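The chain contents come next:
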Amino acid sequence: MSDAPTTSPTTPGASETMPERQGASGGRQTATFTVKRGLADMLRGGVIMDVIDADQARVAEDAGAVAVMALERVPSDIRAQGGVARMSDPALVEGIQQAVTIPVMAKARIGHFAEAQVLEALAVDYIDESEVLTPADEAYHIDKWSFRVPFVCGATNLGEALRRISEGACLIRSKGEAGTGNIVEAVRHLRSILGDIGALTTADAAELYGWAKKLSAPIELVREVADTGRLPVPLFCAGGIATPADASLVMQLGAEAVFVGSGIFKSEDPARRARAIVEATTHHDDPQIVAKVSRGLGASMPGLEIGTLDQRMAGRGW
Amino acid sequence: MRIGVLALQGDVAEHRRALADLGVDSAPVRRPAELSQLDGIVIPGGESTTMSMLLASSGLLEPLGKEIAAGLPAFGTCAGMILLGSSVIGGRSDQICYGAIDIGVRRNGYGRQLASFECELDVAAIGSDPLHAVFIRAPLVESAGDAVEVLAVVDPSTETPDDPGDSGVGGLTDVGVATPVLCRQDSVLVAAFHPELTADRRVHRLFVSMIEKRGR
């Protein structure tokens, strides 16, 4: 990564300041930061859909999903049923991998590096260290640099995003409030992250130390964001997207792609809604197309007011 | 010169940045009307199945095909290579292939993300310095017709290292068989890797020079 002309113009300083564990032999380097982040770059402008089995994965791929996310239960069911939510059964993950040609991501519990090791052994394409599952460690997230599979992590603010990146995350998503069908928290998180990035770009060198303290984030990453005006990795939106207009909203706010969880398979007509959300994500700046694809989709998933929730998933992790 | 970048999904911004670095104007293409007055089209990296669906739903499928068939210079990377090829293996039956270049492509032919890699390529067409190339779940060129000029191959003596042998991660490349990764036919250029992800602009410059030569 020291060979300047060969690295991405957007390759973060993280790759220089953080340990990079990668395979190298016979001229091919695997699991480099560029390669890990590269897949996230390819997903931009797309929709990643939560699925619990191969049948749902096929519906998602048919609808134009850029990737699927395997998990044991969709967030709204986790909310309704309670109990501990864990990594999917490996047999289900494998069934999903065999059913589709698009990338397969899977969720591991926060701090549960053994679940992540299992998912790496299954050769999933991305691991989501996710607050939607029940956290396994209240103090530490997974050391993601020690894995060859790339990680995505949720964040509610810029400090959280930069801490996850310092741990090796190659993709950040807003946490939102999963399983609610309520977009308000995702909007709050996106605005907070992007607003603070904007503020950093006008801070002077001395102020950046204060920002690092306030954000509880490494100064090197704070400086990099201040210099570039963007996160060192792509920023996607997750948590509460239920309609095509929701996808359009968060894309216009600055998300580069969207994750949809319960919003598709808890709606009346998942196949149509999935496809409509894909089209609305691509054409997010064209209200005529968003209107066209939004017509007659049937009932959305039932939504929840944030104030009525017993469990705020976004508060998991730090 | 104005080059369109198909902007339905994928790493559109990186291609536009690469073209801007060369002083070339670019424009995102999401609607049929945006195909007019272009000197070339770039089909970026992304998911070819998603782009296929969106090409159809956006009404771009036929007009773009007609433009390419009529000689609009086209440059495809990764998913773009699949869309410009003549057949796709291991994809979906409803995937689009424009048949603009006579190659048969196996989707994700090098394996899953764990097998994604970076390496140096020798590309005489752009100079003697090696080209650093990034392959992400890359398509594998399984066949190339006589009209196809192979500009670069991956080193046949190397196999993706460290693949867990029992997980199906490993690619399908046979040791000893050179695999084309950069190909040209007439005014169509395709790469299995992502020159837009690195700072070396020689592959984009090659595409621009193909457009310039055609214009003369």
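Let me begin by describing the structure that accompanies this report.

About the thresholds
The residue numbers shown here count from 1 along each chain, following its written sequence. Ligands are numbered from 1 and chains lettered from A, in the order in which they are written. For this predicted model, a pLDDT threshold of at least 70 governs which residues receive local features, and a threshold of 80 or more governs which side-chain atom pairs are given and counted, while totals over whole chains, interfaces and linings are taken from all residues. To get the side-chain values, take all heavy atoms of the structure and skip hydrogens and water. In this text, helices come from DSSP runs of H or I with a minimum length of four residues, and strands from runs of E with a minimum of two, each type numbered from the N-terminal end. Whether two residues are in contact is decided by their heavy atoms: any pair within 4.5 Å suffices. In this description, accessible areas are obtained by the Shrake-Rupley approach with a 1.4 Å probe, and a residue is regarded as covered only by the protein chains that are shown. In this count, Lys and Arg are taken as positive residues and Asp and Glu as negative ones, while His and the chain termini are left out. To locate a charge, the coordinates of NZ of Lys, CZ of Arg, CG of Asp or CD of Glu are taken. Strand pairing is defined by DSSP finding a minimum of two bridges between the two strands. For helices, the fitted axis covers only the stretch in contact; all axes are lines through C-alpha atoms, and the angles between them, taken along N-to-C directions, range from 0 to 180 degrees. Think of a salt bridge as a Lys or Arg side-chain nitrogen and an Asp or Glu carboxyl oxygen that are within 4 Å of each other. Each residue is assigned to one class: nonpolar for Ala, Val, Leu, Ile, Met, Phe, Trp, Tyr, Cys and Pro, charged for Asp, Glu, Lys and Arg, and polar for all the others, Gly among them. Exposure classes here rest on a 1.4 Å probe applied to the protein chains alone. A residue is buried below 20% of its type maximum, exposed above 50%, and partly exposed in between. Crossovers are described as right-handed under a simple rule: with the strands pointing away from the observer, the path leading from the first strand over the helix to the second runs clockwise. For our purposes a nonpolar core is just a set of buried Ala, Val, Leu, Ile, Met, Phe, Trp, Tyr and Cys residues, chained together by side-chain atoms within 4.5 Å.

## Looking at the overall build of chain A
Here is step 1 of the chain: When helices and strands are tallied, chain A shows 14 helices and 10 strands.
Here is step 2 of the chain: A separation of at least 24 residues holds for 66% of the contacts in chain A among residues at least 6 apart in sequence.
Here is step 3 of the chain: Just so you have it, chain A exposes about 11,100 Å², and 51% of that area is on carbon and sulfur atoms.
Here is step 4 of the chain: Seen as two clouds, the 31 positive and the 41 negative side-chain charges of chain A have centres 2 Å apart.

## Points about the sheet that holds strand β10 (residues 149-154) of chain B
Residues and elements named next belong to chain B.
Here is step 1 of the chain: Taken together, seven strands build an open sheet; the order of strands is β2-β1-β3-β4-β12-β11-β10 and the sheet is mixed. Looking at which strands have only one partner, the edges of the open sheet turn out to be β2 (25-29) and β10. Averaged over all pairs of adjacent strands, the angle between strand axes in this sheet comes to 20 degrees, irrespective of strand direction.
Here is step 2 of the chain: As defined by bridge partners, strand β3 (residues 40-43) adjoins strand β4 (residues 74-77) across three bridges and the pair is classed as parallel. When the bridges of β4 are listed, V42 appears paired with F75.
Here is step 3 of the chain: Packing of helix α1 (residues 12-21) onto the sheet brings it into contact with β1 (2-6), β2, β3 and β4, and relative to β1 it is tilted by some 165 degrees.

## With respect to the interface of chain B and chain A
A common way to report how large an interface is uses the accessible area buried once the components associate.
Here is step 1 of the chain: Contact with chain B, which involves 54 residues of that partner, is made by 54 residues of chain A.
Here is step 2 of the chain: If you look at where chain B meets chain A, you find six salt bridges.
Here is step 3 of the chain: Listing elements by their share of the side of chain B that touches chain A, those giving two or more residues are α1, α2 (48-57), β7 (117-121) and β8 (131-135) of chain B.
Here is step 4 of the chain: Among the residues forming the side of chain B that touches chain A, the class breakdown is 17 nonpolar, 19 polar and 18 charged.
Here is step 5 of the chain: Here two bridges tie strand β2 (residues 28-30) of chain A to β7(B), and the two strands are oriented antiparallel to one another. Bridging across to β7(B), Q29(A) finds its partner in E118(B).

## Digging into α1(B)
Each α-helix winds once per 3.6 residues, and so residues spaced three or four apart point in a common direction.
Here is step 1 of the chain: Inspection of α1(B) places V12(B), E14(B), H15(B), A18(B) and L19(B) among the buried residues, and these make up the whole buried set.
Here is step 2 of the chain: The secondary structure elements touched by the buried residues of α1(B) are α2 (33-42) of chain A together with β1, β2, β3, β4 and α5 (202-215) of chain B.

## Structural notes on the sheet that holds strand β10 (residues 258-260) of chain A
All names here are of chain A.
Here is step 1 of the chain: Taking strand neighbours across the sheet as the criterion, the eight strands line up as β9-β8-β7-β6-β5-β4-β3-β10 in an open arrangement whose pairing is parallel. The open sheet terminates on both sides in strands that have one partner only, identified here as β9 (235-236) and β10.
Here is step 2 of the chain: In terms of strand pairing, strand β4 (residues 67-70) meets strand β5 (residues 104-109) through three bridges, oriented parallel. Pairing of V68 across the sheet is with V104, part of β5.
Here is step 3 of the chain: Sheet contacts for helix α6 (residues 113-121): β5, β6 (126-130) and β7 (151-155); angle to β5, the most-contacted strand, approximately 160 degrees.
Here is step 4 of the chain: Along the sheet, helix α13 (residues 270-282) makes contact with β3 (47-51) and β10, crossing β3 at roughly 155 degrees.

## As for unusual backbone geometry
Residue and element names in this part refer to chain B.
Here is step 1 of the chain: One non-glycine residue with positive phi stands out, namely C78, at about 60 degrees.
Here is step 2 of the chain: With respect to the helices and strands, C78 occurs in the loop between β4 and α4 (79-84).
Here is step 3 of the chain: A relative accessible area of 5% means that C78 is categorised as buried.
Here is step 4 of the chain: Here the phi dihedral of D186 falls at roughly 50 degrees; this positive angle occurs in a residue that is not glycine.
Here is step 5 of the chain: Inspection of the secondary structure assignment puts D186 in the loop between β11 (179-185) and β12 (188-191).
Here is step 6 of the chain: Overall, D186 belongs to the exposed group, its relative accessible area being 71%.

## Thoughts on the pairing of β6(A)
Working note: regular strand, side chains alternate between the two faces of the sheet.
Residue and element names in this part refer to chain A.
Here is step 1 of the chain: With respect to burial, β6 is a largely interior element, five of its five residues being buried.
Here is step 2 of the chain: Where burial is concerned, the two faces of β6 agree: the one with Y126, D128 and S130 and the one with I127 and E129 are both buried.
Here is step 3 of the chain: Pairing between β5 and β6: five bridges, direction parallel. Note on β6: the bridge partner recorded for A108 is E129.
Here is step 4 of the chain: After leaving β5, the chain enters α6 and then returns to the sheet as β6, a path that is right-handed.
Here is step 5 of the chain: Sheet topology note: the β6/β7 ladder contains three bridges and is parallel. Counted as the bridge partner of D128 is V152 from β7.

## Here we look at the nonpolar core
Here is step 1 of the chain: The biggest cluster of nonpolar side chains holds 161 residues, and the ones touching the most others in it are L162(A), L121(B) and F135(B).
Here is step 2 of the chain: The contacts of F135(B), once residues within four sequence positions are left out, are S116(B), F117(B), C119(B), L121(B), V154(B), V181(B), A192(B) and F193(B).
Here is step 3 of the chain: In terms of nonpolar packing, the next biggest core, distinct from the first, is built from seven residues, L71(A), I78(A), A85(A) and A178(A) among them.

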